[in-house]
Amino acid sequence: MRVEGVNGYTNVNYGTIASGKRINGAADDAAGLTQVQNLKSQDNGMQVGGQNAKDGINLTKIGDGALSGIHDYLQSIKSASVKASSGLLTASDKSAIQKEIDGYLKGITDIVSNTTYNTKNLLDGENALGMATNPDGTGPDVKTANATLKALGLEGYNVTGNFDMSRVDKAIDQISSMRSGMGASANALEGAYNYNMNAAENLSGATSRIEDLDMPQAISDKKKDEVLEEYKNMMLRNQMEEESLVTKLMK
């Protein structure tokens, strides 16, 4: 804090220097304090919004990783289906292939059941999850996917009789579309995160420029105060000594 003293000298107290802050209370600079609090509020909002964006990015990575696993299962089902289409196979051969496909289908179901983020399932239905990347609580939505066997059109898929292999192709296309959606959400959240962190850094800098003390100048001013105070005391002592001497001479 720098204020003009009664003799026009600048007074800087040690508490202000110790804190490193020019504004430690409303008395130091009421308008500046209001500015600082507003900037800190915006900064905090940006920081939290950035963390929300980062959480959203992690969510999309988990979702895309799981969908990639489902993609692999579907490709295996496609290969098994092509094999089952051969007219050279016996009923026993097709039954063995179906058992293999059943294992892949179960793998898809297990992935869907176990893919969660903070207890929220990401693949058993299409839901919009607001990420609240903005200081006012708004932000882009991340849509979860529906990769259940029913949604993919593969519930009850069986190659031991007449079957339509195009069902597998359609399921593969659906998963590709879901992964594209996850990727788009991740890109949007990455942009929001970078913006928030940059804005928070700028807000923090603006806060420091208003609130922080110019330490070299403050120390210089404090030393000047001390010198002036010492000089004032010396002059006062000299004046008192002169007055005392005059008093003695008059007696």
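Residues numbered from 1 in each chain as written. Predicted model: local features only at pLDDT ≥ 70, side-chain atom pairs only at ≥ 80, totals over all residues. Heavy atoms only, no water.

Concerning the overall build of the protein chain
Working step 1: A count of helical and extended segments in the protein chain gives six helices and six strands.
Working step 2: Along the protein chain, helices and strands appear, N-terminal first, in the series β-β-α-α-α-β-β-β-β-α-α-α.
Working step 3: For the protein chain, the proportion of its 251 residues judged to be buried stands at 32%.
Working step 4: Accessible surface computed for the protein chain: about 14800 Å², of which carbon and sulfur atoms make up 51%. (Helix = DSSP H or I, 4+ residues; strand = E, 2+ residues; numbered from the N terminus. Buried < 20%, exposed > 50% of the residue type's maximum accessible area, 1.4 Å probe, protein only. Areas by Shrake-Rupley, 256 points an atom, 1.4 Å probe, with all protein chains shown as cover.)

With respect to helix α3 (residues 91–114)
Working step 1: For α3, which comprises 24 residues, the first-to-last C-alpha distance of 34 Å matches the rise-based estimate of 34 Å (1.5 Å per residue) to within 8%.
Working step 2: Of the residues making up α3, those classed as buried are K94, I97, Q98, I101, Y104, L105, G107, I108, I111 and V112. (Expected span 1.5 Å × (residues − 1).)

A word on the pattern of salt bridges
Working step 1: In this structure the tally under the stated criterion is three salt bridges.
Working step 2: Between D169 and K78 there is a salt bridge, with the nearest N and O atoms lying 2.9 Å from each other. Of this pair, D169 sits in helix α5 (residues 166–211) while K78 sits in helix α2 (residues 30–84); the two residues are 91 residues apart in sequence, bridging distant segments of the chain.
Working step 3: Between D110 and K106 there is a salt bridge, with the nearest N and O atoms lying 3.0 Å from each other. With a gap of four residues between them, D110 and K106 both fall in helix α3, about one helical turn apart. (Salt bridge = Lys/Arg side-chain N within 4 Å of Asp/Glu carboxyl O.)

Some remarks on the nonpolar core
Working step 1: Formed by 37 residues in total, the largest nonpolar core has its most connected members in I70, L74, I77, L123 and L154.
Working step 2: Those elements giving two or more residues to this core turn out to be α2, α3, α4 (149–152) and α5.
Working step 3: Sorting elements by how many residues they give to this core places α2 first, with ten residues.
Working step 4: Leave out the neighbours within four places in its chain, and I70 touches I108, I111, V112, L123, A147, L152 and I175.
Working step 5: By size, the runner-up hydrophobic cluster in this structure holds eight residues, among which are V36, M46, L203 and A206. (Core = buried A, V, L, I, M, F, W, Y, C linked by side-chain atoms within 4.5 Å. Contact = heavy atoms within 4.5 Å.)

Some words on the confidence of the model for the protein chain
Working step 1: With 73% of its residues at a pLDDT of at least 70, the protein chain reaches an overall mean of 83.
Working step 2: Every residue in residues 1–11 scores below 50 in pLDDT, and together they form 27 contacts with partners more than four places removed in sequence or on other chains. (pLDDT = per-residue confidence, 0-100.)

Comments concerning the side chain of S81
Working step 1: With respect to the helices and strands, the residue S81 is situated in helix α2.
Working step 2: Beyond its immediate stretch of four places on either side in the chain, S81 contacts I101, Y157, V159, F163, M165 and V168.

Some words on the side chain of D43
Working step 1: Take D43: it is sitting in helix α2.
Working step 2: If we ignore the near neighbours within four places in the chain, the residues touching D43 are A200, L203 and S204.

Some words on the environment of I101
Working step 1: Mapping I101 onto the fold places it in helix α3.
Working step 2: Separated by 22 residues in sequence, I101 and S79 have C-alpha atoms that sit 9.7 Å apart.
Working step 3: Not counting the four nearest positions on each side in its chain, I101 is found in contact with I77, A80, S81, Y157 and V159.

As for the packing of aromatic side chains
Working step 1: Applying the stated criterion across every chain, the model contains two aromatic pairs.
Working step 2: Ring plane angle 45° and centroid distance 6.1 Å describe the contact between Y73 and Y104, whose orientation is recorded as tilted. Here Y104 lies in helix α3 and Y73 lies in helix α2, a separation of 31 residues in the sequence.
Working step 3: Take Y73: its relative accessible area is 28%, and that puts it in the partly exposed class.
Working step 4: Aromatic side chains Y157 and F163 sit 6.2 Å apart centroid to centroid with 85° between the ring planes, which places their arrangement in the edge-to-face category.
Working step 5: The buried category is assigned to Y157, whose relative accessible area is 2%.
Working step 6: With relative accessibility at 23%, the residue F163 sits in the partly exposed group. (Phe/Tyr/Trp six-rings, centres within 6.5 Å; stacked < 30°, edge-to-face > 60°.)

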